[in-house]
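# Inside the fold
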Amino acid sequence: MAAEGFFADWGAGELAVQPINLAAILAMGLATYVTRAGGFLLMRWVPQGGRVEAWLKAVPGAVLMAIVAPALLTHGLAGALAIGATLLVMRTTRQDLLAVGAGVLTVALARQLGL
């Protein structure tokens, strides 16, 4: 049976990984880990409460807007409807997964309708 598609370049059952690619993947994984773990370690010495607490509560909204704004600008009406549906479901149910599902369903339906 001949290998097809994605697996065609792999040879006879062996996965050929270029050393530079493996090094890049490992370096990116290490950088991700150090960034996350470093944040937790550094927060040990930051006094909690007041401005720090307010800042930490604002971060998820800021990250969300950094993701939502470009999507709203590039996906037109379908994207705007999906964002609206996501916000509405999140506001009423407070369930993240349900809100994401509503957004995905809305954008799919809007694109099927040609919006």
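This write-up is about the structure you can find in this document. Residue positions are counted from 1 within each chain, in the order its sequence is given. Where totals are concerned, whole chains, interfaces and linings use all residues; where local detail is concerned, this predicted model gives features only for residues with pLDDT of at least 70, and gives and counts side-chain atom pairs only at 80 or more. The basis for every side-chain value is the complete set of non-hydrogen atoms in the structure, without hydrogens or water.

### Here's the deal with the overall build of the protein
Quick reminder of the rule: Strands here are runs of E lasting at least two residues and helices are runs of H or I lasting at least four, both read from the DSSP assignment and numbered beginning at the N terminus. Exposure categories follow from relative accessible area, calculated using a 1.4 Å probe and restricted to protein chains: below 20% of the type maximum is buried, above 50% is exposed, and the middle band is partly exposed. It only takes one pair of heavy atoms within 4.5 Å for two residues to be counted as in contact. In short, Shrake-Rupley with a 1.4 Å probe defines the accessible areas, and a residue's cover is counted only from the protein chains shown.
Assigned secondary structure in the protein consists of 4 helices and 0 strands. Taken from N to C terminus, the helices and strands of the protein fall in the order α-α-α-α. Within the protein, buried positions represent 10% of all 115 residues. Contacts in the protein between residues at least 24 apart in sequence constitute 40% of all its contacts with a sequence separation of at least 6. Counting every atom, the protein has about 9700 Å² of accessible surface; 71% of that belongs to carbon and sulfur.

### Description of helix 2 (residues 51–74)
In an α-helix there are 3.6 residues to a turn, and that puts residues three or four apart on one side. What counts here: Expected span, for any helix, means 1.5 Å times one less than how many residues it has. Values of bend correspond, residue by residue, to the angle between axes fitted over the seven residues ending at that residue and the seven starting there.
Between the first and last C-alpha of helix 2 there are 35 Å, a value that for 24 residues agrees with the 34 Å anticipated at 1.5 Å per step. Taking the largest bend as the criterion, helix 2 deviates by roughly 30 degrees, centred on Ala58, and proline Pro60 comes between one and four positions later. The positive-phi residue at the C-terminal boundary of helix 2 is Gly76, with phi of around 60 degrees.

### Looking at the pattern of salt bridges
Selection rule: A side-chain nitrogen of Lys or Arg and a carboxyl oxygen of Asp or Glu constitute a salt bridge if their distance falls within 4 Å.
Following the criterion strictly, the structure yields 1 salt bridge and no others. One salt bridge connects Glu53 with Lys57, and the closest N-O pair in it is separated by 3.4 Å. Here the residue Glu53 and the residue Lys57 both occupy positions in helix 2, the gap between them amounting to 4 residues, near one helical turn. For Glu53, a relative accessible area of 39% puts it in the partly exposed group.

### What to know about unusual backbone geometry
Of note, Arg94 is a non-glycine position whose phi angle comes to about 60 degrees, a positive value. On the secondary structure map, Arg94 appears in the loop between helix 3 (76–93) and helix 4 (96–112).

### Quick notes on the layout of surface pockets
For clarity, the cut-off: A cavity here means a set of 1 Å grid points, computed over protein atoms only, where a 1.4 Å probe fits but cannot escape. A pocket is an open set with protein on both sides within 12 Å along at least 5 of 7 lines, and lining residues have an atom within 4 Å of a point. Grid points are joined across faces, edges and corners, and a volume is the space filled by probe spheres set on the points. For this classification, Asp, Glu, Lys and Arg are treated as charged, while Ala, Val, Leu, Ile, Met, Phe, Trp, Tyr, Cys and Pro are nonpolar and the rest, including Gly, are polar.
Size it by volume and the largest pocket reaches roughly 500 Å³. Secondary-structure elements contributing two or more residues to the lining of the largest pocket are helix 2, helix 3 and helix 4. Of the residues in the lining of the largest pocket, the class split is 13 nonpolar, 4 polar and 1 charged.

### Things to note about the packing of helix 2 against helix 3
This is how the line gets drawn: The axes are straight lines fitted to the C-alpha atoms, using for helices just the contacting stretch, and the angles between their N-to-C directions are given from 0 to 180°.
At a minimum axis distance of 6 Å, the contact between helix 2 and helix 3 shows a crossing angle of 140 degrees. Within the contact between the two elements, helix 2 uses Val68, Leu72 and Thr74 and helix 3 uses Gly76, Gly79, Ala80 and Ile83. Residue composition of the contact of helix 2 with helix 3, by class: 4 nonpolar, 3 polar and no charged.

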